[in-house]
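Tertiary structure, described
Each chain, written out:
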Amino acid sequence: MKGRPLVPFAITAIIGILLMISLSFVGLDQRAEMNADETEEVPEEHEDPIAAGEEIAGKSCIGCHGGDLGGASGPALTALEGKYDHDEIVGIIQNGQGAMPATGLNDVDADAVAQYLLSISE
Ligand code: HEC
């Protein structure tokens with residue numbers, strides 16, 4: 001083993017490093033695509049906001065506000081009319097209030113839930 005026994009190892013190492021760099025670019029590309037998909041998913045508006053709001057509330061709110069929104073660890077949401085207007089409800093949904101955390105709903109979904117809650121208000 002005279003000469004340059006390290007050359008094969010060096011070549012392997014360089015190929016490995018090049019592979020790592022190119023794979024991370026592939027990863028960045030895929031991530032950019034995923035982000036693009038996510039922004040596309042936000043709809044302009046719901047065709048039937050009240051029905052959409054009911055569905056979203058069924059996923060995002062009942063964990064704390066009860067299965068029929070009649071109250072659990074969070075207060076009942078069935079009599080908001082007169083207490084909060086539409087924009088205030090959107091604000092609570094998006095920013096949280098007191099012990100309630102912000103829910104991370106986008107503007108369109110928060111608007112739909114607010115419309116739904118006012119529609120079921122007694
Ligand atoms: C992690 C539990 C939790 C989740 C999830 C949650 N809430 Fe709440 N919410 C609370 C709590 C607790 C309060 C009482 C906050 C306070 O005043 O301290 C509250 C208060 C509210 C109020 C004010 C009620 C009143 O009478 O003052 C509204 C409106 C409301 N939530 C709407 C929603 C909506 C709509 C969703 C779903 C998009 C939601 N919340 C999801 C826990 C939650």
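None of these values were measured; they are calculated from a predicted model.

What counts, and where the lines are drawn
- Residues numbered from 1 in each chain as written.
- Predicted model: local features only at pLDDT ≥ 70, side-chain atom pairs only at ≥ 80, totals over all residues.
- Heavy atoms only, no water.
- Donors = N, O, S within 2.8 Å, 3.2 Å for Na, K, Ca; no water.
- Tetrahedral: all angles 85-135°; square planar, octahedral: opposite > 155°, others 65-115°.
- Helix = DSSP H or I, 4+ residues; strand = E, 2+ residues; numbered from the N terminus.
- Buried < 20%, exposed > 50% of the residue type's maximum accessible area, 1.4 Å probe, protein only.
- Core = buried A, V, L, I, M, F, W, Y, C linked by side-chain atoms within 4.5 Å.
- Contact = heavy atoms within 4.5 Å.
- Near = heavy atom within 4 Å.
- Polar contact = N/O pair within 3.5 Å; in protein donor to acceptor, adjacent residues only side chain to side chain.
- 1 Å grid on protein atoms, 1.4 Å probe; cavity = no way out; pocket = protein on both sides within 12 Å on 5 of 7 lines; lining within 4 Å.
- Sits in = over half its atoms within 2 Å of the grid points.
- Nonpolar A, V, L, I, M, F, W, Y, C, P; charged D, E, K, R; others polar.
- Axes fitted to C-alpha atoms, helices over the stretch in contact; angles between N-to-C directions.
- Parallel < 35°, antiparallel > 145°, perpendicular 65-115°, else oblique.
- Left-handed = near helix turned anticlockwise from the far one by under 90°.
- Domains from an automatic or database assignment.
- Points joined across faces, edges and corners; volume = space filled by probe spheres on them.

Taken together, His65 (NE2) and Met100 (SD) make up the full set of protein donors to the iron atom of the ligand, lying 1.9 to 2.1 Å away. Here the iron atom of the ligand is ringed by six donor atoms whose angles at the metal span 84 to 179 degrees, and the overall shape comes out octahedral. Of this pair, His65 sits in helix H3 (residues 62-65) while Met100 sits in the loop between helix H4 (86-95) and helix H5 (107-120), and the two are 35 residues apart along the sequence. Since its relative accessible area comes to 24%, Met100 is described here as partly exposed.

Counting residues in each nonpolar core, the largest one holds 15 residues, and the members touching the most others are Ala57, Leu69, Ile89, Ile93, Leu105, Val113 and Leu117. When contributions to this core are tallied by element, the ones reaching two or more residues are helix H2 (49-60), H4 and H5. Per-element tally for this core: the top contributor is H5, with five residues. The contacts of Ala57, once residues within four sequence positions are left out, are Ile62, Leu69, Val113 and Tyr116.

Turning to the side chain of Asp109, a few remarks are in order. Structurally, the position occupied by Asp109 is in helix H5. Beyond its immediate chain neighbours, meaning those up to four positions away, Asp109 contacts His46 and Ile56.

On to the site of the ligand, then. As a structural note, the neighbourhood of the ligand is formed by 21 residues, with Cys61, Cys64, His65, Tyr84 and Met100 the closest of them. Separating a nitrogen atom of the ligand from a side-chain N or O atom of His65 is a distance of 2.7 Å. Separating an oxygen atom of the ligand from a side-chain N or O atom of Lys83 is a distance of 2.8 Å. Spatially, the ligand is embedded in the largest pocket. Put simply, the parts of the chain that give the shell around the ligand at least two residues each are H3, H4 and H5. For the shell around the ligand, the residue count by class is 14 nonpolar, six polar and one charged.

H5 packs onto H4 with a crossing angle of 125 degrees between their chain directions and a minimal axis gap of 9 Å. The pairing of H4 with H5 is recorded here as oblique in orientation. Along this stretch, H4 crosses H5, giving a crossing that reads as right-handed. On the side of H4, the interface is formed by His86, Ile89, Val90, Ile93 and Gln94, while H5 contributes Asp107, Ala110, Asp111, Val113, Ala114, Gln115, Leu117 and Leu118. Residue classes in the contact of H4 with H5 are distributed as eight nonpolar, three polar and two charged.

Next up on the list: the domain arrangement of the chain. Domain annotation for the chain reports domain 1 (1-41) and domain 2 (49-120). Once you take the C-alpha centre of each, domain 1 and domain 2 turn out to be 46 Å apart.

Before going further, it helps to spend a moment on the layout of surface pockets. Within this model, the largest pocket holds a volume of roughly 510 Å³. His65, Pro75, Leu77, Ile92 and Met100 are, among the 23 residues lining the largest pocket, the residues nearest its centre. Elements represented by at least two residues in the lining of the largest pocket include exactly H3, H4 and H5. Sort the elements by how many residues they give to the lining of the largest pocket and H4 lands first, with three residues. Residue composition of the lining of the largest pocket, grouped by class: 16 nonpolar, six polar and one charged.

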